[in-house]
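# Survey of secondary and tertiary structure
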Amino acid sequence: MGRIAARRSGRCACGWRGAAEYPLGRATIDDRPLYEADIDLTGPLADWNAHLFLVRVPLPEPLAAVWATSPSS
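Keep in mind that this is a model prediction, so the values were computed, not measured.

## Thoughts on the overall build of the protein
Per the secondary structure count, the protein includes 3 helices and 2 strands. Along the protein, helices (α) and strands (β) appear in the sequence β-β-α-α-α when read from the amino end. Residue burial in the protein is summarised as follows: out of 73 residues, 18% are buried. The long-range share in the protein, meaning contacts at least 24 apart out of those at least 6 apart in sequence, stands at 33%. Accessible surface, the protein: about 5900 Å² in total, of which carbon and sulfur atoms supply 60%.

Encoded structure:
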């Protein structure tokens, strides 16, 4: 088994990394890959959304189209 992350934080393709760190519970992850585990991403996503609001980066058109049709928009 490889190294397991103990915390997660928001990140952006521009290089920004969120200052807040959120713990990853070993009981939640077990031996599954992170993308299969039932992990609460509320904190990192809120940090990332705040970052996007502050820098006001325009989304690429394909992503903007998906975002516009999502139920939460």
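## A look at helix H2 (residues 42–55)
Over its 14 residues, H2 extends 20 Å from the first C-alpha to the last, a length consistent with the 20 Å expected when each residue adds 1.5 Å. Every buried residue of H2 is listed here: Gly 43, Pro 44, His 51 and Leu 52. Elements in contact with the buried residues of H2: strand E1 (7–8) and strand E2 (22–23). Arg 56 occupies a position one or two residues after H2 and carries a positive phi of about 50°.

## Quick word on a nonpolar patch on the surface
The grouping of Leu 59, Leu 63, Val 66 and Trp 67 at the surface amounts to a nonpolar patch, some 370 Å² of accessible area in total. One can find Leu 63 in helix H3 (residues 61–69).

## Some points on the side chain of His 51
On the secondary structure map, His 51 appears in helix H2. Setting aside chain neighbours within four positions, we find His 51 in contact with Cys 12, Cys 14 and Trp 16.

## Some words on the packing of aromatic side chains
All told, the structure shown has 0 aromatic pairs when counted by the stated rule. Its guanidinium or amino end placed over the ring of Phe 53, Arg 56 lies 4.7 Å from that ring's centre, counting from NZ or CZ.

## Description of the confidence of the model for the protein
Counting all residues, the mean pLDDT for the protein is 78, and 77% of those residues have values of 70 or more. When the elements of the protein are averaged for pLDDT, helix H1 (residues 26–29) gives the smallest value, 62, and H2 the largest, 87.

## Comments concerning the side chain of Ser 9
With respect to the helices and strands, Ser 9 occurs in the loop between E1 and E2. Ignoring sequence-local partners within four residues, the contact set of Ser 9 consists of Gly 18, Ala 20, Glu 21, Tyr 22 and Pro 44.

## Points about the state of the cysteines
This structure, assessed with the given rule, holds 0 disulfides. Not part of a disulfide, Cys 12 finds its nearest cysteine sulfur in Cys 14, a span of 3.8 Å. Residue classification places Cys 14 among the exposed residues on the basis of a relative accessible area of 55%.

Scoring rules and cut-offs
- Note that residues are indexed from 1 along each chain, following the sequence as it is written.
- Per-residue local features of the predicted model are confined to residues with pLDDT of at least 70, and side-chain atom pairs are confined, for both listing and counting, to 80 or more; whole-chain, interface and lining totals are unaffected and use all residues.
- For the side-chain quantities, the full set of heavy atoms in the structure was used; hydrogens and water were omitted.
- Secondary structure elements follow DSSP: runs of H or I of four or more residues count as helices, runs of E of two or more count as strands, with numbering from the N terminus.
- Exposure is judged per residue with a 1.4 Å probe applied to protein chains only, and the accessible area is read against the type maximum: over 50% gives exposed, under 20% gives buried, and values in between give partly exposed.
- Note on contacts: a residue pair is in contact if any heavy atoms of the two residues lie within 4.5 Å.
- Residue burial considers only the protein chains on display, and all accessible areas are found by Shrake-Rupley using a 1.4 Å probe.
- An expected span of 1.5 Å times one less than the residue number is assigned to each helix.
- Patch membership needs two things, relative accessible area over 30% and no salt bridge, and members are linked within 9 Å if like-charged or within 5 Å if nonpolar (Val, Leu, Ile, Met, Phe, Trp, Tyr).
- For this document, the term salt bridge refers to a Lys or Arg side-chain nitrogen within 4 Å of an Asp or Glu carboxyl oxygen.
- Planes of paired rings set the category: under 30 degrees apart is stacked, over 60 is edge-to-face and the rest tilted, where pairs are Phe, Tyr or Trp rings (Trp by its six-membered ring) whose centres lie within 6.5 Å.
- Should the NZ of a Lys or the CZ of an Arg lie within 6 Å of a ring centre and within 35 degrees of the ring normal, that charge is described as sitting over the ring.
- The predictor attaches a confidence to each residue, and that confidence, scored 0 to 100, is pLDDT.
- Counting rule for disulfides: a pair of cysteine sulfur atoms within 2.5 Å.

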